[in-house]
Amino acid sequence: MRAVGRHTVREGRIRHRRAELVYDDAGEGPLAVYAHGGFVSQAVEDRMGLFDWAPVLAAGQRLVRYDARGHGRSTGDPVDTDYTYPSLAGDLLALLDHLGAAEPVDAMGASMGCGSVLHAAVQAPDRFSRLVLLIPPTAWTTREAHAQVNRESADTIEREGVDDWLAAKGKQPRPAAVADVPEFPPTPAERVLPSVLRGLALSDLPSPTAIAALRQPGLILAWVDDLGHPLSTAETLARLLPHADLHVSRTRADIRTWGERIAEYLTGPRP
């Protein structure tokens, strides 16, 4: 076991569709579940110092964060369709079953995790109360160009190895607000990484019509100048979801306020 502040972090495991998913469970109170972005893990996000979850725990929430299939401590097979947003949403719903979540829970997701959360909410809307969507990924009309890059990346890894892909990736410009955030190698193993990339290439957010039918309020947190997470997606989600609040950060200092913003949102009155 380890600790976050005064809170002990308990590690748990769940078997689901040929994979073992590993999660961290901390705090007591209403349940909030978090799904991370592609290629990282809970440990890597912590080392990056990108998001601060201490305020959520301090506000009296039970926080469960899990490593996505094939990422970090979780296992996964080289099966492209295992890594689509709807498939990853199935993992999230299975985790809620495993946790015995009888009441609607708050769900949070960043990038790929945002896709997982939205698809889970569309598949099982009664299981969720509030949605917190961090850096929503490129979607709909802007998605295909990103998907093509992912397919080409998968081919490069299979043909030349992961090092060449990482070298090319390292030359790409980063959003100014996170330019000083340390980068880490992808956590999926090289045998699985092409399938992760192709699964993401097969993915998109739910249709605008499906999202507009959701009744959950949402908090949307975005930053600027990121082709993989364009502001246009965040703005569209803010228009589609009922009672959605959008906050856009332009500096690293402002991104550091996200933990407090999330804690205030989750413990505040429901819109």
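The structure reproduced in this document is the subject of the present report. (Residues numbered from 1 in each chain as written. Predicted model: local features only at pLDDT ≥ 70, side-chain atom pairs only at ≥ 80, totals over all residues. Heavy atoms only, no water.)

1. Comments concerning the pattern of salt bridges
Keep this limit in mind: One side-chain nitrogen of Lys or Arg within 4 Å of one carboxyl oxygen of Asp or Glu is enough to make a salt bridge. Helical segments are the DSSP runs of H or I of at least four residues, strand segments are the runs of E of at least two, and each set is numbered from the N terminus. Only protein chains enter the accessibility calculation, which uses a 1.4 Å probe; a residue is then buried when its area is under 20% of its type maximum, exposed when over 50%, and partly exposed in between.
With the rule as written, the count across this model stands at 22 salt bridges. Here D91 makes a salt bridge to R17, at a shortest N to O gap of 3.3 Å. Of the two residues, D91 is situated in helix α3 (residues 85–99) and R17 in the loop between β2 (7–16) and β3 (19–26); the sequence distance between them amounts to 74 residues. A relative accessible area of 1% means that D91 is categorised as buried.

2. Side note on the packing of helix α5 (residues 143–160) against helix α7 (residues 193–201)
In plain terms, the rule: The axes used here are C-alpha line fits, helices contributing only the stretch in contact, and every angle between their N-to-C directions lies in the interval 0 to 180 degrees. Working definition: roughly parallel below 35 degrees, roughly antiparallel above 145 degrees, roughly perpendicular at 65 to 115 degrees, and oblique for all remaining angles. The handedness criterion is simple: a crossing whose near helix is rotated anticlockwise from the far helix by less than a right angle is left-handed, and one whose near helix is rotated clockwise is right-handed. Contacts: residue pairs with any heavy atoms within 4.5 Å of one another. Gly falls in the polar group here, along with every residue not listed as nonpolar (Ala, Val, Leu, Ile, Met, Phe, Trp, Tyr, Cys, Pro) or charged (Asp, Glu, Lys, Arg).
Put simply, α5 and α7 touch, their axes get as near as 8 Å, and they point 165° apart. Comparing the axis directions of α5 and α7 gives the class roughly antiparallel. α7 is crossed by α5, and the crossing has left-handed handedness. The segment α5 lies against α7, with R143, A147, N150, R151, S153, A154, D155, I157 and E158 engaging L193, P194, L197, R198, L200 and A201. Here the residues of the contact of α5 with α7 are counted per class, giving 8 nonpolar, 2 polar and 5 charged.

3. Focus on the packing of aromatic side chains
To be explicit about the condition: Only Phe, Tyr and Trp rings are paired, with Trp represented by its six-membered ring, and only when their centres lie within 6.5 Å; those with planes under 30 degrees apart are stacked, over 60 edge-to-face, the remainder tilted. Charge over a ring is defined by NZ of Lys or CZ of Arg lying within 6 Å of the ring centre and within 35 degrees of the ring normal.
According to the stated counting rule, one finds 5 aromatic pairs in the structure shown. Ring geometry for F51 and W258: centres 5.8 Å apart, planes at 10°, overall stacked. A residue pair is termed long-range when its members are at least 10 positions apart, and F51 in the loop between α1 (42–48) and α2 (54–58) and W258 in helix α11 (residues 258–267) qualify at 207 residues. The burial state of F51 is the same as that of W258; both residues are buried. Feature note: the residues Y34, F51, W53, W223 and W258 constitute an aromatic cluster, connected by ring pairs. If you follow R130 out to its NZ or CZ, it ends over the ring of Y265, 5.9 Å from the centre.

4. Points about the nonpolar core
Nonpolar side chains tend to gather and get buried jointly when the protein is soluble and globular. Rules: To form a nonpolar core, buried Ala, Val, Leu, Ile, Met, Phe, Trp, Tyr and Cys residues must be joined to one another through side-chain atoms within 4.5 Å.
Counting residues in each nonpolar core, the largest one holds 52 residues, and the members touching the most others are V33, L95, L118, F128, L131 and L133. Here the element with the most residues in this core is α3; it accounts for 9 residues. Within the second largest apolar cluster, 30 residues are counted, among which are A32, L50, L219 and I255.

5. Digging into the pairing of β3
As a reminder of what qualifies: The criterion for strand pairing is that DSSP finds at least two bridges linking the strands in question.
In terms of burial, β3 is a largely internal element, 7 of the 8 residues being buried. Note: β2 against β3, 8 bridges, orientation antiparallel. In the sheet register, E11 faces β3, and the bridge partner there is D24. Where β2 folds back onto β3 in an antiparallel hairpin, the turn is made up of 2 residues, including R17, whose phi is positive at roughly 45°. As paired elements, β3 and strand β5 (residues 62–66) share 4 bridges and run antiparallel to each other. Counted as the bridge partner of D24 is R65 from β5.

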